[in-house]
Each structure stands twice: as structure tokens, then as C-alpha cells.
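Structure assessment
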Amino acid sequence: MLNTLRSIVQDVVGAASFRAALDILVHDVRGALGTEVCSVYLMNRAQDRLLFAANEGLNTDSVGQISLAVNQGLVGLVAERAEPINLNNATVHPRFYLIPEIGEEAFHAFLGVPVIHHRQVLGVLVVQQRERRKFDESEEAFLVTLSARLATEVAHADATGEMEGLFDSDTGSVLERPDAMFKGVGGTPGIGIGIAVVVQPPANLEAVADKASDDVTTELQVLDRALNMVRDDIRRISEQFAASLPPEELALFDVYLHMLDENALAGDIRERVQKGSWAQGALKQVIYEHVQRFEDMEDPYLRERGADVKDLGLRVLAYLQDIRAKKTHFPDSTILVGEEVTAGMLADIPTDKLKGIVSVRGSVTSHVAILAQSLDIPAVMGAVDLPILSIDNRPLIVDGFYGEVFCNASAQTVKQFQELIASEQEFSEELEELKELKGVTLDGWRVGLWVNIGLTGIGRSLDRGAEGIGLFRTEIPFMTKERFPSEEEQRVIYREHMVAFEPKPVTMRTLDVGGDKALSYFPINEENPFLGWRGIRVTLDHPEIFMVQARAMLKANEGLKGDLRIMLPMITSISEVEEAMALVARAHREVLEEGVDVKQPQVGVMIEVPAAVYQARRLAGMVDFLAVGSNDLTQYMLAVDRNNPRVADLYQETHPAVLCALREVAKAASAEHTYLGICGELAGNPIGAVLLMAMGYHVLSMNSTNLPKVKWVIRNIKRSDARRMLARVLRMDTPQEVQRFMRQQLLDAGLGRVLPTHHE
Ligand code: PEP
Ligand code: MG
């Protein structure tokens, strides 16, 4: 059974078109179950009718011609009930409805199974037989399994418009639909309007044949020339970006150059050429192997690096084939679209022309998303349903706030988005004036507005008025290396930030790997990584890593006026804090013994797991500060993987249970007079910021993009009003209710400008 199922799925998924997939499906199912008839009906939501979309065994002339209302016939009943119906004699059922053209009157046995995706009935799969018999349990189960398995394919066809094309041959492409919208995830907030330029990889690795070389020496020479040309290109690109990108991102171009090193890709390719392969074939094999290695990695950041390797490979291939990437014309407002947009593609476009980026693959952790954030270019990642082959040169709108891409936008939609861009622009100019001002409410309540650092630049954070670093994600410098960075390497990076921020406080988090963050040189393979060896658990088991890091942090602060705060991630037990504090104290003693004169650092605990919420008071009594990691706290409170798109709509930072936990932590910190901060995404969300300020959080730490808006809302609200809102919110049952109420409150208070306006 399993093999049959697998082979049907493979055939269907591999079909050239959706139409062909449906034909294959009915053919294969008929064969697998040995039944006389198999049909697929698809839901036309615009008309609320089920179209007879594919068939074997009945009159196939009717395919695509006839349809049933949802309240008509047994097929309608399956859709209505959203459950299977299995009958030995369909013709006597009260809902039996005869469509004479189909010719089904002779068939008695009927089994209909709904095709459901995300709770929505997309169609019905039916098998029929002359003989009066009930399909047996295993046949029914087989069809239910198959239908559930194929539902995502049908949903994809629905989203791309292929399904609609079956309903009406005049509808044309989905792109002709007014305001056709494709969903992805927001990469960089903001709106971009422009013309799509679809970028293709310059050459095609798949098309390269494996063959032996005639002349090893010539092949090696050609290879060297191509490698050098690509190296020159990368240096040129890096120089082009030198002014607009912070050093840590520019360093990624060095990573590219290292990848092309004799010790890495270049050496491997050369070895194969020396063994007799022609250069292009050797390149293809080596690139495939390396891409595979990256794709096998657990860590999404590193997995994305596979795309960079492939991009490099294609660049080398282009030179090998002597087909220099042909110069594309870039309109003044370019929206760069690609199956997999890479940093190299981005670099070919003059920055002032680039208004938006859409990548079919990738996520917020993709290198290109990181670059887009640094350049402040609106970006949508993972727009999987975008029909990329037919989109070139069409006007597009990129909504990086909501992760949506619009094609064929009506004049009215364009106008709405233009107004949105203008008001965002005007607002951000206005917000620049707040740069030197403090985060203080109208009734004088002071809130520290700090920044989270890891991949975004120092300069931008200070420009936006950050009053300190609330979270330095130290794992990032660890990720860009090929081994643990040494104490001195760490000290240099940390000090650069501390000097730039002096005399503002800087909060350094100890290494937080595990979960979805892995190091290539220190892999952690686990069944349940988020419940496994992560954060403080790793560094307490490896005190040598902890000690080197703590000493680097302490030394980095030598002679500076700013407070050094060391923060411990993923704390679940008191003993972990005791052990970590003992290590910090020892590191401090050692550093003093070495003659480096530094103050005792402040030590704080992150509240990221429910256990820490329940022990918050005890923890608060032990340390200098508490800081909630609301991203993880939400994930663990609600048991929702924060990276899983399938359950993304269940990940609710304003879930009443999460708000209640946040409030408990605030009470515990206040009872112990302990300084309290928060550094998850909730702090950078204006609604979250107002509620947290009302709860008594002293510091809100967020990414620098959100900081000005949060400062504006804090400066324009009274804490007494925020507390009244909080009191109401704490009695609510659902996150939706909380969101609705808070949106309305902010609108009523004249603060609606901080709420992202959705295109209606
Ligand atoms: C958090 O969990 O909220 C947090 C700030 O840490 P990270 O997102 O790095 O896990
Ligand atoms: Mg965390």
C-alpha cells in the first residue's frame, strides 16, 4: 500500500502541469483500487460549485464542462460534511443526483473523500463501481491518506491560478486577475513599487555533462582564469557595497572569497580536473557535494549558505562557458525577483534603482534577507506560489510588512500603496527628530529603549537613537567562523561595539547555540533541538567555552565607562544561575590577576521558559537584572515552534497566557527591586511596547528599525492610560480580542500611525 501511495504521489507531483497531474491521479487511483471509475471534482469558490475536473471511466467529454452546486448530489454532500461518504448503492441515497451527461447511472458503489487544506475543502476525490458493494476499510483509508497527502499540491495550484484556469478557459493567467496577491513572509518591512526584473542564474549547472578532458593542462588554465575573474567580480561587488553595508555583512563577501580558496572549492575542483575530468564537470560535482553538505545542516542560517555556494558555482561556470552574464536592463524602480535571489544578483543592480526584492525560496535568515535589511530594501521571502516564469517586466508591489506581493494592481491599489509609502516616509523624517530624546511617557515614566545587535550595524542603531544594547547575540560572530573564535578575536569584536556605544550599557548574551542555531564546526543533531542541548546547557557543559567568552567580554570593557552586563540564555533552574555566576566571578578574578582593571560586570538571567516564570522572584533575588526573551517564551508557553510556517498562525505573542506570564515576571522583579527588560520581538511592536511599559518593564530592547516608532508611541501616551488598557487586556480571552482592542485604543488616542496599515 505504502509503495503504491508513494508512486502515485511521485507521478502526480512530477506531472508537467496541474491538468496533467489530475489525469495521472485518476488513472493511477483507478488502477491501484481496481475500480471502474475515478473522478476529481474541484471547488470553484467564486461560484460555490464543484467542477467535474478529471475522470476515467465515465463520459470524459463532460470533463471541465459540468459542475455541481455544493448542496447538490453526493459529491456536494462530501464537500458539505467535509468527511468521506462510502455507499454500496449510491442511486438510492436521498442526495443522489443524476447528471445524465456523465453516464454514472450504472454505478452503484460510491466512495467520495474530501480534499482539505488548512480546514478548507478544495475538492472531492471519488471512486465508483458497478457492483453493489461497500468499499472496504483499507480502500477508504487509502483514499483518505492520498487525498490528505495531495491537498498541498491542489492548494498550490489554487494559489498560482492553475486551478482557476480549469474553471474558465477565458480567465487566462492568475496574473491578469486584478490585485493578484501572492503570500510569503516579510523579509524587510516597507513597501516597494516597481517593475519586476526576474534574475536567472547566469548558467545552468544541471546541463553540464560529465566527461573526461582531452588536455588536463588547458583545462587547468581555463579553470584558473575563470576563478580569478569571479574573485575579481566579488571584490568589485564588495567595494560597491563598502559604503552602504556594515563591516560584519561585508565580511560575508570575504567568506565567498574563502570558499573559492585553494583549500576549499577551488582545490577540490582542481583535484578532479587533475584526475581527468573536464573543468565544467569537475565544477558541477564539487558544487553539488558542497550544496548537499549545507542542505543537510540543521541550522537554517547555514542551510541557506548552500544557495551562496551554488551562486558561486554558477558564476564560475558562466566564465568557463564564456557566457558572461548578459547585462540586464534595470528600470529606475526595479523589483528584483528570483527563484533564489542571491547576494551576487543584488550587487549587479545600482542601489538607488532597487525598490524591492522577492525571493521564491529562502526565509528571514537567508543571506539576501539579511542584506536587504541592512540596505533597508522592502523584501518578501518564500513567495512559493509566485509564477516567476511569467512575471518579468510586470509592475509589482512588494509589501514587506505583511509579506505580500501584488501583481496587476488596480489604479486604486497603487494609489493606496503610494500614499502608504509617502506617509511612512513623512513619519520616519519626523521621527528623526526624536533621536536625541529619551523614551519617556507624557506623565513622566521613563523606559529605556535599547537595541538588539547581531547582524545589523552599530551605526544604524545609534542613528536611530538606541540608548544601549539590550541583547548582543554573540552566536553570530561564532557562526561566521570555521572554529570557535579565540578570546582575542572575541574581545576585538565585543570591544568595537562597547566603544561605539560608550557610555551606554551593553548587554552581552553568553553563547546561545542549539535549537535552530548551530555552528558548522560544532554540530548538535537532536530529535527535538528546542527541547535539547541549547543555550546555557551547552556552555555549562563546556566551561572552557564559557570562560573564554566571559574573559573576552570583561577585557573588552577595559577602561570604558559603559556598564557591561552579562546575560544568561535559556535558564530553567536556580543551579544553572549559581554555576554560571561562579564562572563569571572566576573569569573576573583571572582577568584582574592578569592586570586588566575592570569592574565586576552585572549579571542577568533571561526568562525564556515557563519554569523561569514560576521561579522569577527567586531568580530576581539572585541577579542584577532579568530580561525576558519573549520569542522563546511564546514558543515554549504555547508549544509552537517559532520557525514552523505550518503553525505560524498559532504563534501569538499577545496570547493571554503569554501576557499573564509577562505580567507575573514584572511583579516578581518589582518585588525584588530588580531591573527588568525584554528583548524579544514583542518589545519592538508598538502594541506590545505599550503593554510592557504599563506592566513596568524598565527596558525594551528591539531591532533598530522599530525603535523610532516605539519611541514615538511611548512619548505620546500616558502611563496611566496604558495601565488602564492593560487592566482591560488582562481580562481578555483571545489574542485577537487583545489586538483589536489595542488597535482601537491607539487609534482613539491618535497614535494609529504606528500601526501598519493593511492594504484593503
Ligand atoms: C528571545 O528568545 O526572545 C530572544 C531574544 O532570543 P533569540 O531570539 O535569540 O532566541
Ligand atoms: Mg531566545
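What counts, and at which threshold
Residues numbered from 1 in each chain as written. Chains lettered and ligands numbered in written order. Predicted model: local features only at pLDDT ≥ 70, side-chain atom pairs only at ≥ 80, totals over all residues. Heavy atoms only, no water. Domains from an automatic or database assignment. Contact = heavy atoms within 4.5 Å. Buried area = accessible area lost by both parts, 1.4 Å probe. Salt bridge = Lys/Arg side-chain N within 4 Å of Asp/Glu carboxyl O. Polar contact = N/O pair within 3.5 Å; in protein donor to acceptor, adjacent residues only side chain to side chain. Helix = DSSP H or I, 4+ residues; strand = E, 2+ residues; numbered from the N terminus. Nonpolar A, V, L, I, M, F, W, Y, C, P; charged D, E, K, R; others polar. Core = buried A, V, L, I, M, F, W, Y, C linked by side-chain atoms within 4.5 Å. Buried < 20%, exposed > 50% of the residue type's maximum accessible area, 1.4 Å probe, protein only. Donors = N, O, S within 2.8 Å, 3.2 Å for Na, K, Ca; no water. Pairing = 2+ DSSP bridges. Axes fitted to C-alpha atoms, helices over the stretch in contact; angles between N-to-C directions. Arc of directions from axis to C-beta.

Attention now goes to the domain arrangement of the protein chain. When cut into domains, the protein chain gives domain 1 (2-167), domain 2 (175-201 + 339-425), domain 3 (205-325) and domain 4 (442-751). Here the C-alpha centroids of domain 1 and domain 2 sit 37 Å apart. With 6 residues of domain 1 at the contact, the number on the domain 2 side is 4 residues. When domain 1 packs against domain 2, close to 400 Å² is buried across both sides, 40% of that on carbon and sulfur atoms. At the junction of domain 1 with domain 2, the criterion picks out 0 salt bridges. Our enumeration of links across domain 1 and domain 2 arrives at 1 residue pair in polar contact (both at pLDDT 80 or more). Residue contributions to the side of domain 1 that touches domain 2 peak at 4 residues, all from helix α4 (residues 137-160). For the side of domain 1 that touches domain 2, the per-class residue count stands at 1 nonpolar, 3 polar and 2 charged.

So, about the nonpolar core. Counting 113 residues, the largest nonpolar core has Leu619, Leu626, Leu662, Tyr697 and Leu700 as its most contacted members. Each of domain 3 (205-325) and domain 4 (442-751) accounts for three or more of the residues forming this core. For leucine 619, the contacting residues outside a window of four places in its chain are Ile571, Ile574, Val577, Val605, Ile607, Ala612 and Leu626. Core analysis: the second largest hydrophobic core is formed by 54 residues, Leu250, Ala279, Phe294 and Leu312 among them.

With that out of the way, let us pick up the coordination of the magnesium ion (ligand 2). Ligation of the magnesium ion (ligand 2) by protein atoms is provided by Glu608 (OE) and Asp632 (OD), these donors lying 2.0 to 2.1 Å from the ion. Residue glutamate 608 is found in the loop between β19 (602-607) and α20 (610-614), and its partner aspartate 632 is found in helix α22 (residues 630-638); the two are separated by 24 residues along the sequence. Neither glutamate 608 nor aspartate 632 differs from the other in exposure class; each is buried.

This paragraph deals with the sheet that holds strand β18 (residues 564-568). A barrel is described by the order of its strands in space; here 8 strands give the closed sequence β15-β16-β17-β18-β19-β20-β21-β22, paired in parallel fashion. Taken pair by pair, the neighbouring strands of this sheet meet at an average axis angle of 25°, ignoring direction. Strand direction decides the pairing type here: strand β17 (residues 506-509) and β18, joined by 4 bridges, are parallel. Looking at β18, one finds that valine 506 is bridged to leucine 564. Its contacts with the sheet place helix α25 (residues 707-715) against β15 (448-453) and β22 (699-702), and it is angled at close to 165° to β15.

Here we take up helix α26 (residues 719-729). Taken together, the buried positions of α26 are occupied by Arg719, Ala722, Met725, Leu726 and Val729. All buried residues of α26 lie within an arc of 115° about the axis, which places them on one face of the element. Buried-residue contacts for α26 involve α23 (656-671), α24 (686-695) and α27 (735-748).

Cis rather than trans, the peptide bond between glutamate 502 and proline 503 has omega equal to 5°. Within the chain, arginine 119 stands out as a residue other than glycine whose phi angle is a positive 70°. Within the element layout of this structure, arginine 119 appears in the loop between β5 (109-117) and β6 (120-129). At histidine 673, a residue that is not glycine, the phi angle is positive and equals roughly 50°. With respect to the secondary-structure elements, histidine 673 resides in the loop between α23 and β21 (675-678). For histidine 673, a relative accessible area of 75% corresponds to the exposed category.

What follows deals with the pattern of salt bridges. Under the criterion given, the structure shown has 36 salt bridges. For glutamate 430, the salt bridge goes to arginine 753, with nearest N and O atoms at 3.0 Å. Separated by 323 residues along the polypeptide, glutamate 430 in helix α13 (residues 411-432) and arginine 753 in the segment after α27 bring together distant segments of the chain. Exposure remark for arginine 753: the relative accessible area of 35% places this residue in the partly exposed category. One continuous salt-bridge network, built from bridges that share partners, spans Glu487, Arg551, Lys555, Arg586, Glu590 and Glu594.

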